[in-house]
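Residue-level structural notes
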Amino acid sequence: MHLHVRHESEYTYDAPVALGPQTLYLYPRMYPYQRLLRYELLIDPLPSRVVRNVDVEGNVQQLVYFNHPTSHLRVTAEIELQSDEFNSFDFVLFPFETQRVPFRYPKEVLDLLQPYLDRTGVTERVESWARQLAASAGWQTTSFLMALTQAIRQFVYEVREEGAPFEPEQTLIQRKGSCRDYTTLFMAACRSLGIASRFVSGYLFGNPQQEHQLHAWAEVYLPGAGWRGFDPTEGSIVVNRHVFLTSTAKPELAAPISGTFSGEANSTLRSDLLFV
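Now for a quick tour of the structure.

Definitions and cut-offs
- Residues numbered from 1 in each chain as written.
- Predicted model: local features only at pLDDT ≥ 70, side-chain atom pairs only at ≥ 80, totals over all residues.
- Heavy atoms only, no water.
- Helix = DSSP H or I, 4+ residues; strand = E, 2+ residues; numbered from the N terminus.
- Rg over C-alpha atoms; globule rule 2.2 N^0.38 Å.
- Buried < 20%, exposed > 50% of the residue type's maximum accessible area, 1.4 Å probe, protein only.
- Contact = heavy atoms within 4.5 Å.
- Areas by Shrake-Rupley, 256 points an atom, 1.4 Å probe, with all protein chains shown as cover.
- Pairing = 2+ DSSP bridges.
- Axes fitted to C-alpha atoms, helices over the stretch in contact; angles between N-to-C directions.
- Patch = residues over 30% accessible without salt bridge, like charges linked within 9 Å, V, L, I, M, F, W, Y side chains within 5 Å.
- Salt bridge = Lys/Arg side-chain N within 4 Å of Asp/Glu carboxyl O.
- Polar contact = N/O pair within 3.5 Å; in protein donor to acceptor, adjacent residues only side chain to side chain.
- Parallel < 35°, antiparallel > 145°, perpendicular 65-115°, else oblique.
- Left-handed = near helix turned anticlockwise from the far one by under 90°.
- Nonpolar A, V, L, I, M, F, W, Y, C, P; charged D, E, K, R; others polar.
- Expected span 1.5 Å × (residues − 1).
- Phe/Tyr/Trp six-rings, centres within 6.5 Å; stacked < 30°, edge-to-face > 60°.
- Lys NZ or Arg CZ within 6 Å of the ring centre and 35° of its normal.

Here the focus is the overall build of the protein. The helix and strand inventory of the protein stands at five helices and 14 strands. Here the protein has a C-alpha radius of gyration of 20 Å; the compact-globule value for 276 residues is 19 Å, and the two agree. Considered along the principal axes of its C-alpha atoms, the protein spans approximately 60 × 40 × 35 Å. Burial statistics for the protein: of 276 residues in total, 53% are counted as buried. Once local pairs closer than 6 in sequence are excluded, the contacts in the protein between residues at least 24 apart make up 74%. Per element, the accessible surface of the protein, about 13,000 Å² overall, is 52% carbon and sulfur.

This is the structure:
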């Protein structure tokens, strides 16, 4: 499958401002079944410098610097990639005891996974709900993950373009939320049973509801399978229609553009996303 994404964000200020360094997570993160064919980043006004780094979690981070006042900031990323079909369930969990939840990771990876096991947001209600789902799935790891994905899929979806994700328990009680709320609940449920999980930001091709905005889903670390994606908004395991931008233990670090400005001004944001 050939995918072409054009993502444009424009900040408008009602008075000239001085832009501080802007941090961009708009460079796709490749997986074994995906190949980047073309990437172009256009920034207006022209920056004085763009530095491309790899951050602490392995994401491509672009730091953008400016040296002149401006009344706007327009960032356009164009991405073309080849995304091949693959069998998302083509793995064997090993050691075999990890085929059932809850489990404990082998010592050689446990220390590295600690940030993705943090229990912030894991309440008694969330853990009890996760255990009920696990019991209904026979405590089988993969069956639990699919049951969790599909249970959240039954919630009422709402578009909420701004703001931090709701607390997991709030989403569970209200049975509604955006993709990032679903993802945060999914992560908390996984972590309550000792499964390392992280937040992923990117794009989803083929769902009209998601093709015009950023999308979020989760990845869990499974011994023998590595990081595997699950999309509770779609109610399915991640396939080749997902385009990854960034993955992180902390959802608040996944913003595609973040930074500051100085000056007395109000700002507005317009964002357009197009799949060609």
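Our next topic: the sheet that holds strand β11 (residues 236–237). The sheet built from five strands is open, its strands ordered β11-β10-β9-β8-β12 with antiparallel pairing. With one partner strand each, in any of the chains shown, β11 and β12 (242–248) form the two edges of the open sheet. Sheet analysis places strand β8 (residues 197–204) next to β12, joined by six bridges and oriented antiparallel. Its bridge partner lying in β12, V200 is registered against S247. Its contacts with the sheet put helix α3 (residues 141–153) on β9 (215–222), β10 (226–231) and β11, and the angle it makes with β10 is roughly 30 degrees. Contacting β8, β9 and β10, helix α5 (residues 179–192) runs over the sheet at an angle of about 15 degrees to β9.

Let's shift gears to a nonpolar patch on the surface. Together, V92, F94 and F96 give the surface a local cluster of nonpolar side chains, amounting to about 350 Å² of exposed area. Mapped onto the secondary structure, V92 falls in the loop between β5 (70–83) and α1 (107–110).

Moving on to the pattern of salt bridges. With the rule as written, the count across this model stands at 18 salt bridges. Of the charged contacts in the structure, one is a salt bridge between R35 and D84, with a shortest N-O distance of 3.1 Å. Linking R35 in strand β2 (residues 34–44) with D84 in the loop between β5 and α1, this pair joins segments that are 49 residues apart in sequence. Across the pair E219 and R198 runs a salt bridge, and its minimum N-O distance is 2.7 Å. With E219 in strand β9 and R198 in strand β8, the pair connects residues that are 21 residues apart, well separated along the chain.

For the rest of this paragraph, the subject is the side chain of S83. In this fold, S83 is placed in strand β5. The exposure class of S83 is buried, given its relative accessible area of 0%. Within the structure, S83 has its side chain in polar contact with the side chain of Q34 (distance 3.1 Å). Beyond its immediate stretch of four places on either side in the chain, S83 contacts M1, L3, Y33, Q34 and N240.

With that settled, consider the packing of helix α2 (residues 124–136) against α3. It is at 9 Å that the axes of α2 and α3 come closest, and there the two elements cross at 120 degrees. Taken together, the axes of α2 and α3 lie oblique to each other. Crossing of α2 against α3: the hand is right-handed. On α3, the residues touching W129, A130, L133 and A134 of α2 are F144, A147, L148, A151 and I152. Residue composition of the contact of α2 with α3, by class: nine nonpolar, no polar and no charged.

With 13 residues, α3 extends 19 Å from end C-alpha to end C-alpha; this agrees with the ideal 18 Å at 1.5 Å per step. As for α3, its buried residues are in contact with α2, α5, β9, β10 and β11.

Turning to the packing of aromatic side chains, a few remarks are in order. Here a ring pair, both rings aromatic, is described through the centre-centre distance and the interplanar angle of the planes. In the structure shown here, the tally under the stated rule is 17 aromatic pairs. An angle of 75 degrees between the planes, with centres 6.0 Å apart, marks the rings of Y157 and Y182 as edge-to-face. Of this pair, Y157 sits in strand β6 (residues 156–157) while Y182 is found in helix α5, placing the two residues 25 residues apart along the sequence. No difference in accessibility class separates Y157 from Y182, as the two residues are buried. Every member of this aromatic cluster is reached through a ring pair, and the members are Y31, Y33, F86, W217 and F244. The ring of F166 is capped by R160, whose NZ or CZ atom sits 3.8 Å from the centre of that ring. The residue whose ring lies beneath R198 is W227, and the NZ or CZ to ring-centre distance is 4.0 Å.

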